[in-house]
Amino acid sequence: MGKGGMSHGSAGEAKDGEEENMAAWLLGINTLKIQPFKLPPLGPHDVKIRVKAVGICGSDVHYLKTLRCADFIVKEPMVIGHECAGIIEEVGSEVKKLVPGDRVALEPGISCWRCNLCKEGRYNLCPEMKFFATPPVHGSLANQVVHPADLCFKLPGSVSLEEGAMCEPLSVGVHACRRANIGPETNVLVMGAGPIGLVTMLAARAFGAPRIVIVDVDDHRLSVAKELGADDIVKVSTNIQDVAEEVSQIHKAMEPGIDVTFDCAGFNKTMSTALSATRAGGKVCLVGMGHSEMTVPLTPAAAREVDVVGIFRYKNTWPLCLEFISSGKIDVKPLITHRFGFSQKEVEEAFETSAGGGNAIKVMFNL
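The model shown is predicted, which means the values in this text are computed figures rather than measured ones.

Quick notes on the rules
- Residues numbered from 1 in each chain as written.
- Predicted model: local features only at pLDDT ≥ 70, side-chain atom pairs only at ≥ 80, totals over all residues.
- Heavy atoms only, no water.
- Axes fitted to C-alpha atoms, helices over the stretch in contact; angles between N-to-C directions.
- Helix = DSSP H or I, 4+ residues; strand = E, 2+ residues; numbered from the N terminus.
- Parallel < 35°, antiparallel > 145°, perpendicular 65-115°, else oblique.
- Left-handed = near helix turned anticlockwise from the far one by under 90°.
- Contact = heavy atoms within 4.5 Å.
- Nonpolar A, V, L, I, M, F, W, Y, C, P; charged D, E, K, R; others polar.
- Buried < 20%, exposed > 50% of the residue type's maximum accessible area, 1.4 Å probe, protein only.
- Pairing = 2+ DSSP bridges.
- Core = buried A, V, L, I, M, F, W, Y, C linked by side-chain atoms within 4.5 Å.
- Phe/Tyr/Trp six-rings, centres within 6.5 Å; stacked < 30°, edge-to-face > 60°.
- Lys NZ or Arg CZ within 6 Å of the ring centre and 35° of its normal.
- Polar contact = N/O pair within 3.5 Å; in protein donor to acceptor, adjacent residues only side chain to side chain.
- Expected span 1.5 Å × (residues − 1).
- Arc of directions from axis to C-beta.

Student: Residues and numbers for the packing of helix α4 (residues 167–179) against helix α5 (residues 195–206), please.
Tutor: Packing of α4 against α5 leaves a shortest axis separation of 8 Å and a crossing angle of 55 degrees. Between α4 and α5, the angle falls in the class oblique. The two elements α4 and α5 meet at a crossing, and its hand is right-handed. Along its contact with α4, which presents Pro169, Leu170, Val172, Gly173, Val174 and Cys177, the element α5 presents Ile196, Val199, Thr200, Ala203 and Ala204. Residue composition of the contact of α4 with α5, grouped by class: nine nonpolar, two polar and no charged.

Student: Explain the pairing of strand β11 (residues 144–148) to me, using residue names and the numbers behind them.
Tutor: Within a regular strand, the side chains alternate between the two sheet faces. Of all five residues in β11, five are buried; the element is thus mostly enclosed. Covered by surrounding structure in β11 are Gln144, Val146 and Pro148 together with Val145 and His147, the residues of both alternating faces. Bridge count for strand β3 (residues 46–55) against β11 is five bridges, and the pairing is antiparallel. Across the sheet, lysine 48 pairs through a bridge with valine 146, a residue of β11.

Student: Tell me about the nonpolar core, residues and numbers included.
Tutor: Most often, soluble globular proteins keep nonpolar side chains buried together rather than apart. If you look at the biggest cluster of nonpolar residues, it comprises 61 residues, and the most contacted ones within it are Leu170, Ile182, Leu198, Met201, Ile214 and Phe262. Looking at this core, the elements that each hand over two or more residues are α3 (161–165), α4, β13 (188–191), α5, β14 (212–216), α6 (219–227), β16 (260–263) and α10 (318–327). Within the second largest apolar cluster, 43 residues are counted, among which are Ile49, Leu64, Phe132 and Cys152.

Student: Can you break down the sheet that holds strand β2 (residues 31–36) residue by residue, with the values?
Tutor: The strand order β2-β1-β6 describes an open sheet built from three strands, whose pairing is antiparallel. Either end of the sheet is taken by a strand with one partner, and the two such strands are β2 and β6 (78–79). Across the sheet, helix α1 (residues 58–66) is in contact with β1 (22–28), β2 and β6; its angle to β1 comes to roughly 50 degrees.

Student: I'd like to hear about the packing of aromatic side chains, residue by residue, with values.
Tutor: One pass over the structure, following the stated rule, counts seven aromatic pairs. The interplanar angle of 40 degrees and the centroid separation of 6.4 Å between the aromatic rings of phenylalanine 131 and tyrosine 314 together place this pair among those described as tilted. Of this pair, phenylalanine 131 sits in strand β10 (residues 130–131) while tyrosine 314 is found in the loop between β18 (307–310) and α10, placing the two residues 183 residues apart along the sequence. With 6.2 Å between their ring centres and 40 degrees between their planes, phenylalanine 351 and phenylalanine 365 make a pair best called tilted. Of this pair, phenylalanine 351 sits in helix α11 (residues 344–356) while phenylalanine 365 sits in strand β20 (residues 362–366), and the two are 14 residues apart along the sequence. A relative accessible area of 3% places phenylalanine 351 in the buried class. Overall, the relative accessible area of 1% leaves phenylalanine 365 in the buried class. Through pairs of rings, three or more aromatic residues link up here, namely Phe131, Phe153, Tyr314 and Trp318. Over the face of the ring belonging to phenylalanine 131 we find arginine 313, whose NZ or CZ atom lies 3.8 Å from the ring centre.

Student: Residues and numbers for the side chain of aspartate 216, please.
Tutor: Structurally, the position occupied by aspartate 216 is in strand β14. Engagement of the side chain of aspartate 216 in a polar contact is seen with the backbone nitrogen of alanine 193, the distance being 2.6 Å. Of note is the side chain of aspartate 216, whose polar atom sits 2.8 Å from the backbone nitrogen of aspartate 218. Once you skip the residues sitting within four places of it in the chain, aspartate 216 turns out to touch Gly192, Ala193, Gly194, Arg221, Leu222, Val234, Lys235 and Val236.

Student: Would you mind going over α11 in detail, with residue names and values included?
Tutor: In an α-helix there are 3.6 residues to a turn, and that puts residues three or four apart on one side. Between its first and last C-alpha, α11 extends 18 Å over 13 residues, near the 18 Å set by a 1.5 Å rise per residue. Restricting attention to buried positions, one finds in α11 the residues Val347, Ala350, Phe351 and Ser354. In an axial view of α11, the angular spread of the buried residues amounts to 95 degrees, which keeps them on one side of the axis. In α11, the exposed positions that point more than 90 degrees away from the buried face belong to Lys345, Glu352 and Gly356.

Structural measurements only, silent on function.
Here it is as structure tokens:
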């Protein structure tokens, strides 16, 4: 089950004088319940964290609505949540760099460090990865969790716990920018102005991208993107027949040409647009996973030597995320649009708010 805690069936009573650890359990489709969550013993390299901020991710909503996300299927009760930060309460005997009272952001994935991918440094692709709230591993929407100390990153004094929790979605954008080699000479197109599209836009700017255009079907999200620094915005439809016309609009908004396109939606239409809009010799980075299979104009793109790269989660991103946030190069605070406490009613309302879309971008729990 990973370090987070024990399975539903082993949730037991707290010792005398101890507060019982509670967590938000996914019990079935559209069914969340706050109930006891028994923590594992603290290992020598582990820390116990009092969780203070947890964001809701699209994958959390997928699990709530369908009990699955991509190929991961919830087969037994599971604690939800993985975007988190908190305060160290206890450290293992071999932990040297963290002490009780330290505020930390948690990287949610525990890799094996033994396979070839881990040894190559691409630990995000580890086949044995134990990742918060990815079945069968429990998540972090709980009063307390136990986690390896080396995956807990101390927050600078100027960075809040909510901003610490935002390092997780921001890491996706940072990893995408690294994969696409974004720099001061890279003009960027972002397909999708949802939470991941917006953090990818912010990351691209921090990496030095001189001009960024962002595309979406929703006026409100486009207005938010403009407020956050997009140089131009293009509203598009969901009709794949409109791709050619919309590519023309995008080219007008980005006259120098598009060096890199990030598809942060992952649909037939967005990927077709990305491949068609990107200049010859450019690159398309597939970030979103809306469709598991797509039919796209790959042959014309190949004839123009448009490279296609994928990303999966992230690796070694937390230090840079914290540097970007603490230095002011990235401001994630405007992305947090809704805040909730940790009661049964508020947990249900928070997920309804996140799933409902509307004006919600990032929904955050304050525990």
